[in-house]
Amino acid sequence: MNTFIENIFNTKDKQEHEEKRQKTNIQRATNVKFQEHHVSRDKRGKVLGQKGGFRGCTVWLTGLSGAGKTTISFALEEYLVSRGIHAYSLDGDNVRTGLNKDLGFSPEDREENIRRIAEVAKLFADGGTVCISSFISPYTKDRNKARKLHEESGLKFFECHVNTPIEICEQRDVKGLYKKAREGKIKGFTGIDSAYEAPENPDLKLKAGELSIDECVEMLAHLLKENDVLPEGVIDSVKELFVPNDRVELARTEAQTLPSLEINKLDLQWVQVLSEGWATPLSGFMRERQYLQCHHFACLLDDGVSNQSIPIVLPVETEHKERLEDCTAFCLRYDGKPVAILRKPEFYKHNKDERCGRKFGISNPGHPYVKIVYESGDWLVGGDLEVIERITWDDGLDQYRLTPKELRAKFREMNADAVFAFQLRNPVHNGHALLMSDTRKKLLEQGYKNPVLLLHPLGGWTKEDDVPLAVRIEQHKAILEEGVLDPKSTVLAIFPSPMMYAGPTEVQWHAKARMCTGANFYIVGRDPAGILHPDGNRDLFDPTHGAKVLAMAPGLTQLEIVPFKVAAYNKKKGAMDFFDPENKQDFEFISGTKMRALARSGQDPPPGFMSPKAWKVLCLYYQSISKM
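Treat the numbers as computed from the prediction; the structure is a model and nothing was measured.

Reading guide: rules and limits
- Residues numbered from 1 in each chain as written.
- Predicted model: local features only at pLDDT ≥ 70, side-chain atom pairs only at ≥ 80, totals over all residues.
- Heavy atoms only, no water.
- Helix = DSSP H or I, 4+ residues; strand = E, 2+ residues; numbered from the N terminus.
- Contact = heavy atoms within 4.5 Å.
- Areas by Shrake-Rupley, 256 points an atom, 1.4 Å probe, with all protein chains shown as cover.
- Lys, Arg positive; Asp, Glu negative; His and termini not counted.
- Charge placed at Lys NZ, Arg CZ, Asp CG, Glu CD.
- Buried < 20%, exposed > 50% of the residue type's maximum accessible area, 1.4 Å probe, protein only.
- Pairing = 2+ DSSP bridges.
- Axes fitted to C-alpha atoms, helices over the stretch in contact; angles between N-to-C directions.
- Parallel < 35°, antiparallel > 145°, perpendicular 65-115°, else oblique.
- Nonpolar A, V, L, I, M, F, W, Y, C, P; charged D, E, K, R; others polar.
- Polar contact = N/O pair within 3.5 Å; in protein donor to acceptor, adjacent residues only side chain to side chain.
- Phe/Tyr/Trp six-rings, centres within 6.5 Å; stacked < 30°, edge-to-face > 60°.
- Lys NZ or Arg CZ within 6 Å of the ring centre and 35° of its normal.
- Expected span 1.5 Å × (residues − 1).
- Disulfide = S-S within 2.5 Å.
- Core = buried A, V, L, I, M, F, W, Y, C linked by side-chain atoms within 4.5 Å.
- pLDDT = per-residue confidence, 0-100.

1. Brief notes about the overall build of the protein
1) Next: If you tally the helices and strands in the protein, you get 22 helices and 21 strands.
2) Next: Seen through its principal axes, the protein has C-alpha atoms that stretch 95 × 70 × 45 Å.
3) Next: Within the protein, residue pairs in contact and separated by at least 24 positions form 74% of the contacts whose partners lie at least 6 positions apart.
4) Next: On the protein, roughly 29,900 Å² of surface is accessible, and the fraction owed to carbon and sulfur atoms is 50%.
5) Next: Averaged over its 86 positive side-chain charges, the protein has a centre that lies 3 Å from the centre of its 89 negative ones.

2. Comments concerning the pairing of strand E1 (residues 57-62)
1) Next: The element E1 is extensively covered by neighbouring structure, given that six of its six residues are classed as buried.
2) Next: In E1, alternate side chains face the same way, and those of Cys57, Val59 and Leu61 on one face and Thr58, Trp60 and Thr62 on the other are all buried.
3) Next: Bridge count between E1 and strand E4 (residues 156-162): six bridges; the pairing is parallel. When the bridges of E4 are listed, Thr62 appears paired with His161.
4) Next: Where E1 and strand E3 (residues 130-134) come together, five bridges link them in parallel fashion. By the bridge assignment for E3, Leu61 is matched with Ser134.

3. Structural notes on the packing of helix H12 (residues 288-297) against helix H14 (residues 352-360)
1) Next: Taken N-terminus to C-terminus, the directions of H12 and H14 make an angle of 40 degrees; their axes are 9 Å apart at the nearest point. The orientation of H12 relative to H14 falls into the category oblique. Between H12, through Tyr291, Cys294, His295 and His296, and H14, the contact on the second element is made entirely by Glu354, Arg355, Arg358 and Lys359.
2) Next: Classifying every residue of the contact of H12 with H14 by side-chain character gives two nonpolar, two polar and four charged.

4. Quick look at unusual backbone geometry
1) Next: Note the cis peptide between Thr280 and Pro281, where omega equals 15 degrees.
2) Next: With respect to the element layout, Pro281 can be found in the loop between helix H11 (265-275) and strand E7 (284-285).
3) Next: Its identity as a non-glycine residue notwithstanding, Ala298 has a phi of 55 degrees, on the positive side.
4) Next: For Ala298, the location among the structural elements is in the loop between H12 and strand E8 (299-300).

5. Here we look at the environment of Arg600
1) Next: Within the fold, Arg600 resides in helix H21 (residues 592-601).
2) Next: Owing to a relative accessible area of 40%, Arg600 belongs among the partly exposed residues under this scheme.
3) Next: Arg600 sits 25 residues away from Ile625 along the chain, and the two C-alpha atoms are 8.7 Å apart.
4) Next: Leave out the neighbours within four places in its chain, and Arg600 touches Tyr622, Gln623 and Ser626.

6. Remarks on the side chain of Thr62
1) Next: Along the chain, the position of Thr62 falls in strand E1.
2) Next: Polar side-chain contacts of Thr62 include one of 2.8 Å to the backbone oxygen of Ile136.
3) Next: Not counting residues within four places of it along the chain, the set of residues in contact with Thr62 comprises Lys69, Phe135, Ile136, Ser137, Arg143, Glu159, Cys160, His161, Val162, Tyr196 and Pro199.

7. Regarding the environment of Thr70
1) Next: Considering the arrangement of structural elements, one finds Thr70 in helix H3 (residues 69-81).
2) Next: Under the relative-accessibility criterion, Thr70 is labelled buried at 8%.

8. With respect to the packing of aromatic side chains
1) Next: As enumerated under the stated definition, the model contains 15 aromatic pairs in all.
2) Next: By the ring-pair criterion, three or more aromatic residues cluster together here, those being Trp270, Trp278, Phe495 and Trp509.
3) Next: Sitting above the plane of the Phe495 ring, Arg514 keeps its charged end 4.0 Å from the centroid.
4) Next: In this structure, Lys565 packs its charged tip against the face of Phe578, placed 4.0 Å from the ring centre.

9. So, helix H22 (residues 612-626)
1) Next: Given a rise of 1.5 Å per residue, 15 residues ought to cover 21 Å, and the 21 Å separating the end C-alpha atoms of H22 matches this to within 8%.
2) Next: All of the buried residues along H22 are Ala614, Trp615, Val617, Leu618, Cys619, Tyr621 and Tyr622.
3) Next: On its buried face, H22 sits against helix H18 (469-481) and H21.

10. Considering the sheet that holds strand E20 (residues 575-578)
Strand pairing in a sheet relies on backbone hydrogen bonds. The paired strands run either parallel or antiparallel.
1) Next: Spatially, the three strands line up as an open sheet ordered E20-E19-E21, and their pairing is antiparallel. A single partner strand is all that each edge strand has here, and the edge strands are E20 and strand E21 (587-588).
2) Next: The pairing of strand E19 (residues 567-570) with E20 spans four bridges and is classified as antiparallel. Paired with Tyr569 across the strands is Met576, a residue of E20.

11. A closer look at the sheet that holds strand E17 (residues 521-524)
1) Next: The sheet built from five strands is open, its strands ordered E16-E15-E14-E17-E18 with parallel pairing. Two strands bound the open sheet, and with one partner strand each, they are strand E16 (490-492) and strand E18 (560-563). Sheet twist, expressed as the mean angle between neighbouring strand axes with direction ignored, is 25 degrees.
2) Next: Relative to E17, strand E14 (residues 418-424) runs parallel, the two being bridged by three bridges. Across the sheet, Phe422 pairs through a bridge with Ile523, a residue of E17.

12. A word on the state of the cysteines
1) Next: Considering all chains together, one arrives at zero disulfides under this definition.
2) Next: A disulfide-free cysteine, Cys169 has its sulfur positioned 13 Å from the sulfur of Cys216, the nearest such atom.
3) Next: Since its relative accessible area comes to 0%, Cys169 is described here as buried.
4) Next: Cys299 provides the cysteine sulfur closest to Cys294, a residue in no disulfide bond, and the two sulfurs are 9.0 Å apart.

13. Quick notes on the nonpolar core
Nonpolar side chains in soluble globular proteins generally cluster together in the buried interior.
1) Next: In this structure, Trp270, Val271, Phe285, Ile312, Leu332, Leu385 and Trp509 are the most contacted members of the largest nonpolar core, which totals 76 residues.
2) Next: If you tally residues by element for this core, the top one is H11, at six residues.
3) Next: Every residue in contact with Ile312, bar those within four places of it in the chain, is listed here: Trp270, Val273, Leu274, Ala279, Leu282, Phe285, Met286 and Trp509.

14. Examining the confidence of the model for the protein
1) Next: Residues at a pLDDT of 70 or more form 91% of the protein, whose mean pLDDT is 89.
2) Next: Ignoring residues within four places in sequence, the model shows residues 1-17, a span with pLDDT below 50, making 46 contacts including any to other chains.
3) Next: In the predicted structure, residues 19-30 sits below a pLDDT of 50 and forms one contact with residues beyond four places in sequence or in another chain.

15. With respect to the pairing of strand E12 (residues 337-349)
1) Next: Taken together, the six bridges between strand E11 (residues 329-334) and E12 define a ladder with antiparallel strand orientation. By the bridge assignment for E12, Arg333 is matched with Pro338.
2) Next: Between E11 and E12, which pair antiparallel one after the other, the connecting turn spans two residues, and Asp335 there sits at a positive phi close to 55 degrees.
3) Next: Examined bridge by bridge, E12 and strand E13 (residues 379-387) share eight bridges and lie antiparallel to one another. Looking across to E13, one finds that Tyr348 is bridged to Leu380.

Below is the structure:
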């Protein structure tokens, strides 16, 4: 909110100021002509920021002193810039310390103040920047002139009234300017003894006394999207693909009349991922254009840049392609049951060698997902999905399968002001817990009041020797029950995606999907989504590359990456601790192989490696499979 306000001139000051203005008043130039730029707005848009296209406009925030204009302005600027949209905030205080420091607060000076700002904002907008102007701007005629100036130049102008009751503005007034104005110590103070002409028909009204800053920013972002300034991919929204409730029966009836394609369990897991909005902004299985963008750029580009590093595709055999390629729509069935309608299908060749080479770095069928790719159909089909109903698995775990929208609601209910996500496909030991607890501690030190952990195990297909999902959830619950992680600040949920074991390529997908939940911090581990090379002698991917790639990946700039710190068993402390190379003799690394051997034999690990209840869950599992 503005803090540099209403430093009113007394009578002598006004006279001196007017004399100065008259002395410096020079003859206006009449022999000038506007020169057209050689660079078009379209060309500027293509090179400005990560989101292609001209997006220049002015967002004009007007309201009383203390209404929250500056706070909202800077928050919107941060929101846009972090998403690759070039934006700049012009603040009333800042401008009066520079460009307009020769102006006071007389009606004439206020008019000149706004005239200059409108001209500057127009130049920013013409340069392709979203210019956010934060000024009291009390007079309707001045704001109308600013709008006209933009519209005559073909630029969009959005008048947004930050409509905060004066009582709240006064409560926020840390400098006591309202109090001084009411005592008569300051004259001409807007809202007290100088009029504020509220907009009658603003483009947006923000009740900043009732709404949070984030809610105000979200409303502004949607205003810009609705007016074709922002692409859909920029908005923090989730694109679910479910049939609306009032059309479900109609969709079921239609599905019975359509040609159908039977899909397998892996395909159904990808349908679930798409339907719940994890892959926003995809509207279904990838068409060829999206597939090529994913392959070559690891992004979707048609509606701004959205990270999408792994292909979400539906393979089909040649016989089904020939049967369905002339259809405008067909039904997807699982175990004979209609699951979804795929509309406007597009069939294209499934080049398996290229797909595996680009996404896995190898085409060796010894890699478990590469094997799946090579055994799948020779064609891919993309199209818009309409999923008839929410996908459930009836395995006792559906309560943990929260959608992105449900997780957002959960975090709001918990009053979380930061969400940090931890992706895992393995049991949690106390080293993992140490990292998660340390992350929360650091967020609290940064000033967050209630950071919440999203403990988010992957719940789709995994390779045969991975610990099954049901066992992992039981083990995670034990970790929470024993207080290794704080259950009051942790949400345990299942991420429905299959595992591809594609290393740094796949870890981008894991991070992007968590952004849909509202997470703004992401803990990346050592060798994320990694796997041994099929020859069994080395890691397929460099264990450090996942974190490095995430820090550079396009479309993930609004997500702060928390690097993994190596933890090992500190023999002196008798607990897991962050590894100290200078005292490496004090540490023992307990490998997965050793952990599994201990569990199979029923032996306990060193005290402090894992909570006893969680360890018991693993022991029971490994002992059960050793008897098979």
